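One letter stands for each residue in the lines below.
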Amino acid sequence: VPVPEDAAAGTVVALLSVRDRDSGANGRVRCWVRPASPFGLVSRLSGAYSLVVREALDRERVSEYEVEVWAEDGGRPSLRGVVGVRVAVSDVNDN
């Protein structure tokens, strides 16, 4: 579902779940969004995250974002995973 360009900060774009079956430090997971974009992650519960709008969107400037969500565990060496999320920005009548 496209996100309207007038979506307020905090609007949820996607729900994500991240798990690592290890225990202790090896089981701790750190997540982030790349590249820099108007979207960010909010941790909801253990392993549950929301991809949210963090700043104003402007469809005339950027109509679609390719956001990567990265996850890394606390092991040595650490293991990483990435998933791509395509976020389309829908136009809102500017008149």
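In short, a report on the structure. (Residues numbered from 1 in each chain as written. Predicted model: local features only at pLDDT ≥ 70, side-chain atom pairs only at ≥ 80, totals over all residues. Heavy atoms only, no water.)

1. Looking at the nonpolar core
Thought 1: The biggest cluster of nonpolar side chains holds 20 residues, and the ones touching the most others in it are Phe39, Leu41, Leu51, Leu57, Tyr65, Val67 and Val87.
Thought 2: Mapped by element, the contributors of at least two residues to this core are β2 (12-17), β3 (29-34), β4 (39-45), β5 (48-53), β6 (64-73) and β7 (80-90).
Thought 3: Discounting chain neighbours no more than four positions away, the residues touching Tyr65 are Ser37, Pro38, Phe39, Leu57, Val85, Arg86, Val87 and Val89. (Core = buried A, V, L, I, M, F, W, Y, C linked by side-chain atoms within 4.5 Å. Buried < 20%, exposed > 50% of the residue type's maximum accessible area, 1.4 Å probe, protein only. Helix = DSSP H or I, 4+ residues; strand = E, 2+ residues; numbered from the N terminus. Contact = heavy atoms within 4.5 Å.)

2. Focus: the sheet that holds β3
Thought 1: With mixed pairing, 4 strands are arranged side by side in an open sheet as β1-β7-β6-β3. Both edges of this open sheet fall to β1 (3-4) and β3, since each of them pairs with a single strand only.
Thought 2: The pairing of β3 with β6 spans 6 bridges and is classified as antiparallel. Its bridge partner being in β6, Arg34 is matched across the sheet by Glu68. (Pairing = 2+ DSSP bridges.)

3. Some points on the pattern of salt bridges
Thought 1: The full count for this structure, using the stated rule, is 4 salt bridges.
Thought 2: Here Arg86 makes a salt bridge to Glu64, at a shortest N to O gap of 3.7 Å. Residue Arg86 is found in strand β7, and its partner Glu64 is found in strand β6; the two are separated by 22 residues along the sequence.
Thought 3: Judged by relative accessible area, Arg86 falls into the exposed class, the value being 58%.
Thought 4: By relative accessible area, Glu64 is classed as partly exposed at 42%.
Thought 5: Across the pair Arg80 and Glu72 runs a salt bridge whose closest N-O atoms are separated by 2.6 Å.
Thought 6: For Glu72, a relative accessible area of 13% translates into the label buried.
Thought 7: Three or more residues joined by partner-sharing salt bridges are found here, namely Arg30, Glu72 and Arg80. (Salt bridge = Lys/Arg side-chain N within 4 Å of Asp/Glu carboxyl O.)

4. Some points on the pairing of β7
Thought 1: Sheet analysis places β1 next to β7, joined by 2 bridges and oriented parallel. Across the sheet, the residue bridging to Pro4 is Ser90, located in β7.
Thought 2: Two elements, β6 and β7, share 9 bridges in a ladder whose sense is antiparallel. Paired with Glu64 across the two strands is Ala88, which belongs to β7.
Thought 3: Counted along the chain from β6 to the antiparallel partner β7, the turn is 6 residues long.

5. Remarks on the side chain of Asp73
Thought 1: Examined against the element boundaries, Asp73 turns out to sit in strand β6.
Thought 2: A polar contact is formed between the side chain of Asp73 and the backbone nitrogen of Gly75, at a distance of 3.2 Å.
Thought 3: At a separation of 2.8 Å, a polar atom in the side chain of Asp73 contacts the main-chain amide nitrogen of Leu79.
Thought 4: With near-sequence residues (within four places) excluded, Asp73 lies in contact with Asp20, Asp22, Asn26, Arg28, Val29, Ser78 and Leu79. (Polar contact = N/O pair within 3.5 Å; in protein donor to acceptor, adjacent residues only side chain to side chain.)

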